[in-house]
Amino acid sequence: MSLFGTFDIASSALRAQSARLNAVASNLANAESATSSNGQPYRARQVVFQTAMTSAASHMPGVQVAAVIEDQAPPKLVYDPKNPLADANGYIAMPNVNVVEEMTNMLSASRAYQTNADVMNTAKTLMMRTLQLGQS
Amino acid sequence: MLLTAAMLSRIESYFAPQETALSLRARRQEVIASNIANADTPQYKARDFDFRTAYEAAVSGKPADALKATDARHLQPKTQVDPLSPELLYRNPYQASIDGNTVEMDTEMREFADNAIRYQAAITFMQRRIEGLRGAMQNQ
């Protein structure tokens, strides 16, 4: 039945949007991390969305995270000769996280999450009314 | 009193219009939910179908896209399209976005709310039909 498919589609979107929110959280948390486990400055991570069939119950595709990519933009160079990580010229490589971009991304993701939760709620209401059909 | 097959089929046809409407409304709900889910997917194109065309095709039993035959020897496609899963069309965006996605949230939300209300209306009509039939069947 199509209404069950709506659940699957909306939940795939919830999963994808929360992955995006997760990436944003990671980027913001590491916006000032000059080193990471591999010795390089942290690179911003972005999720890539892709249309995908979610289940056999739905005829229509949902969405999934196809990949998490690292932003290849060069690290920001900050002049700070006192820092122990600074190079010979006194510059230190900082993560390429764009905080403004991340904040917009976060707002967009949380709005999309809300909308899809709404879709699920409506599907539930319709489902309940359908189940009550014929009962008086 | 025994229910004959003819009476049963009449009861079935009494409910059929609402049943068709409900199936198509549920299907459309799914199509729009898919658009909303893919609002941030690059290159995704928003889909939808025209309810009136789909409903008329489902009620008449003839696919909406039947080929026009002006001669008895003209061929029709062999495979019958399921009337309850109508052919999906593409939405024309008012403002195209750079990433090729044509989902416009305002349009989708309007269509979604509209479709949900109409689904509920179809349920109410169905409920009335059931009550009407039940009232007629009771011996008082």
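Just so you know, these numbers come straight off a predicted model, no measurement behind them.

What counts as what
- Residues numbered from 1 in each chain as written.
- Chains lettered and ligands numbered in written order.
- Predicted model: local features only at pLDDT ≥ 70, side-chain atom pairs only at ≥ 80, totals over all residues.
- Heavy atoms only, no water.
- Helix = DSSP H or I, 4+ residues; strand = E, 2+ residues; numbered from the N terminus.
- Rg over C-alpha atoms; globule rule 2.2 N^0.38 Å.
- Buried < 20%, exposed > 50% of the residue type's maximum accessible area, 1.4 Å probe, protein only.
- Areas by Shrake-Rupley, 256 points an atom, 1.4 Å probe, with all protein chains shown as cover.
- Lys, Arg positive; Asp, Glu negative; His and termini not counted.
- Charge placed at Lys NZ, Arg CZ, Asp CG, Glu CD.
- Polar contact = N/O pair within 3.5 Å; in protein donor to acceptor, adjacent residues only side chain to side chain.
- Contact = heavy atoms within 4.5 Å.
- Axes fitted to C-alpha atoms, helices over the stretch in contact; angles between N-to-C directions.
- Parallel < 35°, antiparallel > 145°, perpendicular 65-115°, else oblique.
- Left-handed = near helix turned anticlockwise from the far one by under 90°.
- Nonpolar A, V, L, I, M, F, W, Y, C, P; charged D, E, K, R; others polar.
- Buried area = accessible area lost by both parts, 1.4 Å probe.
- pLDDT = per-residue confidence, 0-100.
- Salt bridge = Lys/Arg side-chain N within 4 Å of Asp/Glu carboxyl O.
- Expected span 1.5 Å × (residues − 1).

**Regarding the overall build of chain A**
- Helices and strands together make up the secondary structure of chain A, namely 2 helices and 4 strands.
- Shown N-terminal to C-terminal, the secondary structure of chain A runs as helices and strands in the order α-β-β-β-β-α.
- Its C-alpha atoms give chain A a radius of gyration of 22 Å, more than 25% over the compact-globule value 14 Å for 136 residues.
- Expressed as lengths along the three principal axes of its C-alpha atoms, the size of chain A is roughly 80 × 25 × 20 Å.
- Taking all 136 residues of chain A together, the buried fraction comes to 36%.
- In the form shown here, chain A has an accessible surface area of approximately 7,700 Å², with 55% of it arising from carbon and sulfur atoms.
- Computed over 9 positive and 9 negative side-chain charges, the inter-centroid distance for chain A is 10 Å.

**Focus on the side chain of Asn-101 of chain B**
Residue and element names in this part refer to chain B.
- As for its placement among the helices and strands, Asn-101 is situated in the loop between strand 2 (89-90) and helix 3 (105-137).
- Owing to a relative accessible area of 5%, Asn-101 belongs among the buried residues under this scheme.
- At 3.3 Å, the side chain of Asn-101 forms a polar contact with the backbone oxygen of Ala-39.
- A polar side-chain atom of Asn-101 sits 2.7 Å from the main-chain amide nitrogen of Val-103.
- Setting aside residues up to four positions removed in sequence, Asn-101 forms contacts with Asn-38, Ala-39, Asp-40, Thr-41, Gln-43 and Tyr-44.

**Observations regarding the packing of helix 1 (residues 2-29) of chain A against helix 2 (residues 99-131) of chain A**
Residue and element names in this part refer to chain A.
- Across the interface, helix 1 lies against helix 2 with an axial gap of 9 Å and an inter-helix angle of 160 degrees. When the axes of helix 1 and helix 2 are compared, the pair comes out roughly antiparallel. The two elements helix 1 and helix 2 meet at a crossing, and its hand is left-handed.
- Considering only residue class, the contact of helix 1 with helix 2 consists of 21 nonpolar, 10 polar and 3 charged.

**Considerations on the interface of chain A and chain B**
- Contacts between chain A and chain B engage 34 residues on the former and 29 residues on the latter.
- Between chain A and chain B lies a buried interface of about 2,500 Å² when both sides are counted; carbon and sulfur atoms form 63% of it.
- Sorting the residues of chain A by area buried against chain B places Met-60, Arg-129 and Leu-133 of chain A first, and these three jointly supply 24% of that buried surface.
- When contributions to the side of chain A that touches chain B are tallied by element, the ones reaching two or more residues are helix 1, strand 1 (45-52), strand 2 (62-70) and helix 2 of chain A.
- When residues of the side of chain A that touches chain B are assigned to their parent elements, the largest contribution, 10 residues, is made by helix 2 of chain A.

**Some details on the confidence of the model for chain B**
- Of the residues in chain B, 91% have a pLDDT of 70 or more, and the chain-wide mean is 86.
- Reported confidence for the predicted complex is 0.86 by ipTM and 0.85 by pTM.

**Topic: the pattern of salt bridges**
Residue and element names in this part refer to chain B.
- A complete count under the given rule lists 12 salt bridges over all chains for this structure.
- Measuring nitrogen to oxygen at the nearest pair gives 2.7 Å for the salt bridge that ties Arg-28 to Glu-111. On the criterion of sequence distance, the pair formed by Arg-28 in helix 1 (residues 5-37) and Glu-111 in helix 3 is long-range, its members being 83 residues apart.
- The class of Glu-111 is buried, set by a relative accessible area of 14%.
- Arg-118 is the salt-bridge partner of Asp-114, the closest N and O atoms lying 2.8 Å from each other. Note that Asp-114 and Arg-118 are positioned in helix 3 at a spacing of 4 residues, about one turn of the helix.
- Looking at Asp-114, the relative accessible area reads 29%, which means it is partly exposed.
- Relative accessible area serves as the criterion here: at 44%, Arg-118 is assigned to the partly exposed category.

**Focus on unusual backbone geometry**
- For Gln-43 of chain B, which is not a glycine, the phi torsion comes out positive at approximately 70 degrees.
- Note on placement: Gln-43 of chain B falls in the loop between helix 1 and strand 1 (47-48).

**Concerning helix 2 of chain A**
- With 33 residues, helix 2 of chain A ought to run about 48 Å at 1.5 Å a step, and its terminal C-alpha atoms sit 48 Å apart, in line with that.
- Buried residues in helix 2 of chain A make contact with helix 1 and strand 1 of chain A together with helix 1 and helix 3 of chain B.
- Sitting at the amino-terminal end of helix 2 of chain A is Asn-98 of chain A, which places a side-chain oxygen 3.2 Å from the backbone nitrogen of Val-100 of chain A.

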